[in-house]
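# Working through the structure, step by step
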Amino acid sequence: MLGFLVGEALRDLRRAGRVAISAIVLITLSLAALGGFWLVSSNLGRAVAQWRDRVRIVVYLKREPSAPEAVLGRVRAIPGVSGVTYIAKADALRALKQVLGKDASVVDHLPANPLPASLEVTPSATAATPEGARDLVGRLAALPEADEVAGSADWIERLSQWQRLLATIGLGVGAVLAVAAILTVTTATTLILHARRHETEIMRLVGAPESAIRLPLLLQGMMQGLAGAVLALIALMAGYSLVAPRLEPLVNLTLGIPDLEFFSPFGILTLLGAGTLLGGLGGWLARARREP
Amino acid sequence: MIEVHRVSKVYSVGPVKVPALREVSFRVSKGEFVVLSGASGAGKTTLLRLLYRDDRPSEGDIEVLGHDLVPMRRSQVATLRRSIGIVFQDAKLLPVRTVYENIAFVLRVLGAPRRELTARVFDALRVVGLSSRAQAYPAQLSQGEAQRAALARAIVRRPPLLLADEPTGNLDDAMAAEIVDVLKDIGAGGTTIVLATHQARLARALHRRTITLDGGRVVKDEG
């Protein structure tokens, strides 16, 4: 029976002809737009998450404390502090030498270590937001040992806002195209309903179950949706394999992520499912609008 | 098999009430071949439509194959129709399918196993004498052949009841005689047949029980 229903759905698709092709193209466009924005947004999201983990606030100390553990204890007790590391003047100098690499010998000519001791504070998740980070900076600046406090999460938040904006644009464009796709599938299905009215009449006369009458309509809509989703995926894969190798060095440098990721298997299934759902919805709407 | 009791049917055309059937009563036993005779507009088609539950009577009761049709829900109609073969004046063949496919279509929508299709379709085609035209499209058939194909489609499920609404209406005498012979053969196999026709000569020539309708009333039930 399933074979028959699928066969009827395919026959219906052939009948819908150009309208069905238009519907498939629109579904392809809507899912490609949605998927494209989703890809950019998810990669930007990876960068944001990575940078959120790396937010550090540095408290430069007036002088090297004689008992760093006591200062560390007080800092750990401050709300919004997830962790703190003491960096002695000597450690800071060693780090500078490492950064300088082959030019490290220049440090040896300094009359004294000019670098201050510092505390590297890791904010908790709630303090990694711009407001949270600002509050934490204020609390750290109030420490009697603090000379200067550096660090904020503002730019990460801006990056995050860009990511959200891209996701919203993607959803908006995708939604508009999706509505157009649904309406086109509905039109294609309405044409099919008209073309298959004789079959429907015969089916009802011989006592065919409602499922045999209605399922091919739903199936052909789902097939249009699935075909559109597969084409969108192919387009996105082609775009990704073309663009990713060229963009990766740039995003590595600017965003600090080593590579650009394509969809996970779950993402691919979601896109295919979304296409199938769009098409099915179009088919169902036509059937509901004009009962055969 | 069929029990029609004091059935009336009135159509409303705006404020105007048009009676199509008035207090029609009759019984048809299993295996009977009954002719519904009467001029155009006598109520034959309306009566047949009530028998396959395409419409409900305004008054009265109808029982077909043990089903009480008046209170029958829409979802139950399909079950009733699976036991009834129906043919019309217009053969209603699907133009884009061959004769074989038209008949097999009915079996497929009812979920018949694919391996049984060929044998069952050709059995039906043999009964109507159309085996050699299995691969022809409806446009390639004469009207008589098209009607025989429609008959094959109606009997391929071996229904106990066959309703035929003017199946010879579009045919010349020779072709009509062929269809009548096929119907007689089908009836001889035990199928109950109700044949509606406005052709009084055909009704008489059949020598079967004839219920004559006039103005929506049964005016004669003889034979």
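Not measured: the values here are computed from a predicted model.

Glancing now at the overall build of chain B. A tally of regular secondary structure across chain B gives seven helices and 10 strands. The proportion of buried residues among the 223 residues of chain B is 42%. Residue pairs at least 24 apart in sequence account for 69% of intrachain contacts in chain B once pairs closer than 6 positions are excluded.

Okay, the overall build of chain A next. Looking only at helices and strands, chain A features eight helices and four strands. Going residue by residue from the N terminus, the α and β elements of chain A occur as α-β-α-β-α-β-α-β-α-α-α-α. For chain A, the proportion of its 292 residues judged to be buried stands at 34%. For chain A, the proportion of contacts with a sequence separation of at least 24, taken over those separated by at least 6, is 85%.

A few words on the interface of chain A and chain B. The partner chain B presents 13 residues to the 12 residues of chain A that form the contact. If one sorts the elements of the side of chain A that touches chain B by residue count, helix α6 (residues 197-205) of chain A sits on top with five residues.

Right, let's get into the environment of Ser-42 of chain A. Take Ser-42 of chain A: it is sitting in helix α1 (residues 2-53). C-alpha of Ser-42 of chain A to C-alpha of Leu-260 of chain A: the two residues are 218 residues apart in sequence and 9.4 Å apart in space.

Bringing the pairing of strand β1 (residues 57-61) of chain A into the picture now. Residues and elements named next belong to chain A. Only one face of β1 is covered, namely the one carrying Ile-57, Val-59 and Leu-61; the face carrying Val-58 and Tyr-60 has none of its residues buried. Bridge analysis of β1 against strand β3 (residues 118-123) gives four bridges, and the strand direction is antiparallel. Paired with Ile-57 across the two strands is Val-121, which belongs to β3. Of the pairings in the sheet, the one linking β1 to strand β4 (residues 146-150) comprises four bridges and is antiparallel in character. Residue pairing across strands places Tyr-60 opposite Glu-148, the latter belonging to β4.

The strand order β2-β1-β4-β5 (chain B) describes an open sheet built from four strands, whose pairing is antiparallel. Two strands lie at the open edges of the sheet, namely β2 (16-28) and β5 (67-68) of chain B, each paired on one side alone.

For the rest of this paragraph, the subject is the confidence of the model for chain B. All names here are of chain B. Overall, the prediction assigns chain B a mean pLDDT of 91, with 100% of residues at 70 or greater. Confidence scores differ between elements of chain B, with helix α7 (residues 200-206) showing the lowest mean pLDDT of 83 and strand β4 (residues 59-64) the highest of 95. As scored by the predictor, the complex reaches a pTM of 0.67 and an ipTM of 0.85.

Residues and elements named next belong to chain B. Relative to strand β9 (residues 209-214), strand β3 (residues 33-37) runs parallel, the two sharing four bridges. Opposite Leu-36, over in β9, you have Ile-211 as the bridge partner. Of the strand pairs in this sheet, β9 and strand β10 (residues 217-222) are connected by five bridges, and their pairing is antiparallel. Directly across from Thr-210, in β10, lies its bridge partner Glu-222.

Core analysis: the largest hydrophobic core is formed by 71 residues, its most contacted members being Leu-36, Leu-51, Ile-103, Val-106, Ala-152, Leu-163 and Val-194 of chain B. By residue number, the principal contributor to this core is helix α3 (residues 99-109) of chain B, which donates eight residues. Each residue touching Val-194 of chain B, except ones within four places of it in the same chain, is listed here: Val-28, Val-34, Leu-36, Leu-48, Leu-51 and Leu-163 of chain B. Judged by nonpolar contacts, the second largest core, of 38 residues, contains Ala-32, Leu-236, Leu-271 and Ala-274 of chain A.

Here we take up unusual backbone geometry. Residue and element names in this part refer to chain B. The residue Lys-92 is not glycine, and still its phi comes out positive at about 55 degrees. Structurally, Lys-92 can be placed in the loop between β6 (84-87) and α3. Despite not being glycine, Glu-166 has its phi angle at roughly 50 degrees, a positive value. Turning to its location among the elements, Glu-166 is positioned in the loop between β7 (161-165) and α6 (173-188).

Turning our eyes to something else, we now look at the sheet that holds β10 of chain B. Strand pairing in a sheet is mediated by backbone hydrogen bonds. Such pairs are either parallel or antiparallel. Residues and elements named next belong to chain B. If you walk across this open sheet you meet the six strands as β6-β7-β8-β3-β9-β10, and the pairing is mixed. Strands with a single pairing partner mark the edges of an open sheet, and in this sheet they are β6 and β10. Strand after strand, the sheet turns through a mean of 15 degrees between neighbouring axes, direction not considered. In terms of strand pairing, β7 meets strand β8 (residues 192-197) through five bridges, oriented parallel. Residue Asp-165 lies in a different strand from β8, and its bridge partner there is Ala-196. Each of β3, β7, β8 and β9 touches helix α1 (residues 44-51); the most contacted strand, β8, lies at about 150 degrees to it.

All names here are of chain B. α1 sits mainly inside the fold: six of its eight residues count as buried. Burial in α1 covers these residues: Lys-44, Thr-46, Leu-47, Leu-48, Leu-50 and Leu-51. Arg-53 sits one or two residues past α1 and shows a positive phi near 55 degrees.

On to the confidence of the model for chain A. Averaged over every residue, the pLDDT of chain A is 84; the share at 70 or more is 96%. When the elements of chain A are averaged for pLDDT, helix α5 (residues 154-195) of chain A gives the smallest value, 78, and helix α2 (residues 68-76) of chain A the largest, 92.

Quick notes on the rules
- Residues numbered from 1 in each chain as written.
- Chains lettered and ligands numbered in written order.
- Predicted model: local features only at pLDDT ≥ 70, side-chain atom pairs only at ≥ 80, totals over all residues.
- Helix = DSSP H or I, 4+ residues; strand = E, 2+ residues; numbered from the N terminus.
- Buried ≥ 20, exposed ≤ 12 C-beta atoms within 10 Å, placed from the backbone.
- Contact = placed C-beta atoms within 7 Å.
- Pairing = 2+ DSSP bridges.
- pLDDT = per-residue confidence, 0-100.
- Core = buried A, V, L, I, M, F, W, Y, C linked by C-beta atoms within 7 Å.
- Axes fitted to C-alpha atoms, helices over the stretch in contact; angles between N-to-C directions.

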